[in-house]
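# Notes for the structure review
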Amino acid sequence: MREIALYVNGIFDSVFQDILAAQTLRPHRHYYLQPYARYPIAYLRDNPPTHDDSVRLYASTSEDLQKVHYTADLIRWEDKRTIPEEKRARIFAELREFQPDEWGIVDPHDVAGDTGINLLYVTRVQQIARPFDVGELKLKSKNRPLLPREVAGGIAYVFPKTDDC
């Protein structure tokens, strides 16, 4: 695990619930998250995570932006604009089967341009028994507590916690 983690603000709880249900039957496969961002997550693009060199992911839910409710191991990042059509169709089928609330790969070339371009591959998703305040995470760039946000969307690079579940 790296010395940097990623915080994602405001993922729908139903997306995580779908993953948790699928994980009980297929615990060793990866699942997908599509956080809203119009730009690539630069750190992941420039330092691609792998199974053996993953990045810890923390997430609040759109229903509770003030607390971290889930953790996962981030094992891959892709820019949705560069995914070949055949692979896109396969991912869409996987999403339909395992994550119906994630509704497939959203087209990054949509007219409004509001869907985001980042596709995250995650494993070992866990719901935190006692969600903790977002402020318990520290920003990697400033070594200060992360401030909760008022609206869903966005990411932050943080230090990993040793006692996050």
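Above this note sits the structure.
Predicted, not measured: the structure shown is a model, and the values here were computed from it. (Residues numbered from 1 in each chain as written. Predicted model: local features only at pLDDT ≥ 70, side-chain atom pairs only at ≥ 80, totals over all residues. Heavy atoms only, no water.)

### What to know about the overall build of the protein chain
Helix and strand content of the protein chain: 3 helices and 6 strands. Beginning at the N terminus, the succession of helices and strands in the protein chain can be written as β-α-β-α-β-β-α-β-β. A compact globule built from 165 residues would reach a C-alpha radius of gyration of about 15 Å, and the protein chain, at 15 Å, matches this within 12%. If you line up the protein chain on its principal axes, its C-alpha atoms span 45 × 35 × 30 Å. Sorting the 165 residues of the protein chain into buried and exposed places 49% on the buried side. Just so you have it, the protein chain exposes about 8,500 Å², and 53% of that area is on carbon and sulfur atoms. In the protein chain, 22 positive and 25 negative side-chain charges are present, and the distance between their average locations comes to 4 Å. (Helix = DSSP H or I, 4+ residues; strand = E, 2+ residues; numbered from the N terminus. Rg over C-alpha atoms; globule rule 2.2 N^0.38 Å. Buried < 20%, exposed > 50% of the residue type's maximum accessible area, 1.4 Å probe, protein only. Areas by Shrake-Rupley, 256 points an atom, 1.4 Å probe, with all protein chains shown as cover. Lys, Arg positive; Asp, Glu negative; His and termini not counted. Charge placed at Lys NZ, Arg CZ, Asp CG, Glu CD.)

### With respect to the sheet that holds strand 6 (residues 155-158)
The strands that make up a sheet are held in pairs by hydrogen bonds between backbone atoms, and each pair lies either parallel or antiparallel. Within the open sheet, the 6 strands sit side by side as 2-5-4-3-1-6. Their pairing is mixed. The open sheet has two edge strands, strand 2 (31-33) and strand 6, and neither has a second partner. For this sheet, the mean inter-axis angle between neighbouring strands, taken without regard to orientation, is 40°. Along the sheet, helix 3 (residues 85-98) contacts strand 2, strand 4 (67-79) and strand 5 (118-133); its crossing angle with strand 2, the most-contacted strand, is approximately 100°. (Pairing = 2+ DSSP bridges. Axes fitted to C-alpha atoms, helices over the stretch in contact; angles between N-to-C directions. Contact = heavy atoms within 4.5 Å.)

### A look at the pattern of salt bridges
Side chains that differ in sign of charge can pair as their charged atoms come close. Counting across every chain of the model gives 12 salt bridges. Where Arg2 meets Asp53, a salt bridge forms, and the shortest distance between an N and an O atom there is 3.0 Å. You can see Arg2 sitting in the segment before strand 1 (5-11) and its partner Asp53 sitting in the loop between helix 2 (42-46) and strand 3 (55-61), a full 51 residues away along the chain. For the salt bridge of Asp46 with Arg45, the shortest nitrogen-to-oxygen distance reads 2.8 Å. On the basis of relative accessibility, which here comes to 48%, the residue Asp46 falls in the partly exposed class. Since its relative accessible area comes to 40%, Arg45 is described here as partly exposed. (Salt bridge = Lys/Arg side-chain N within 4 Å of Asp/Glu carboxyl O.)

### Remarks on the pairing of strand 5
Two strands pair when backbone bridges link them, and strand 2 and strand 5 are joined in this way by 3 bridges, in the antiparallel orientation. By the bridge assignment for strand 5, Tyr31 is matched with Val122. As paired strands, strand 4 and strand 5 are joined by 10 bridges and run antiparallel to one another. Looking at strand 5, one finds that Arg76 is bridged to Tyr121.

### Observations regarding helix 1 (residues 13-25)
Taking 1.5 Å as the rise per residue, helix 1 with 13 residues should run 18 Å; its terminal C-alpha atoms sit 19 Å apart, in good agreement. For helix 1, the complete set of buried residues consists of Val15, Phe16, Asp18, Ile19, Leu20, Ala22 and Gln23. Buried residues belonging to helix 1 abut strand 1, strand 2, strand 3, strand 4, helix 3 and strand 5. (Expected span 1.5 Å × (residues − 1).)

### Digging into the nonpolar core
Counting residues in hydrophobic clusters, the biggest one holds 23 residues, and the most contacted among them are Leu6, Leu33, Leu44, Leu57, Leu120 and Val125. For this core, the elements supplying multiple residues, two or more each, are strand 1, helix 1, strand 2, strand 3, strand 4 and strand 5. Non-local contacts of Leu120, meaning those with residues more than four positions away in its chain, are made with Leu6, Tyr31, Tyr32, Leu33, Pro35, Ile41, Leu44, Leu57, Leu74, Arg76 and Trp77. (Core = buried A, V, L, I, M, F, W, Y, C linked by side-chain atoms within 4.5 Å.)

### Some remarks on the environment of Asp18
Checked against the element boundaries, Asp18 lands in helix 1. Apart from the residues lying within four places of it in its own chain, the contact partners of Asp18 are Phe98, Gln99, Pro100 and Asp101. Polar contacts involving the side chain of Asp18 include one to the main-chain amide nitrogen of Asp101, which spans 2.8 Å. (Polar contact = N/O pair within 3.5 Å; in protein donor to acceptor, adjacent residues only side chain to side chain.)

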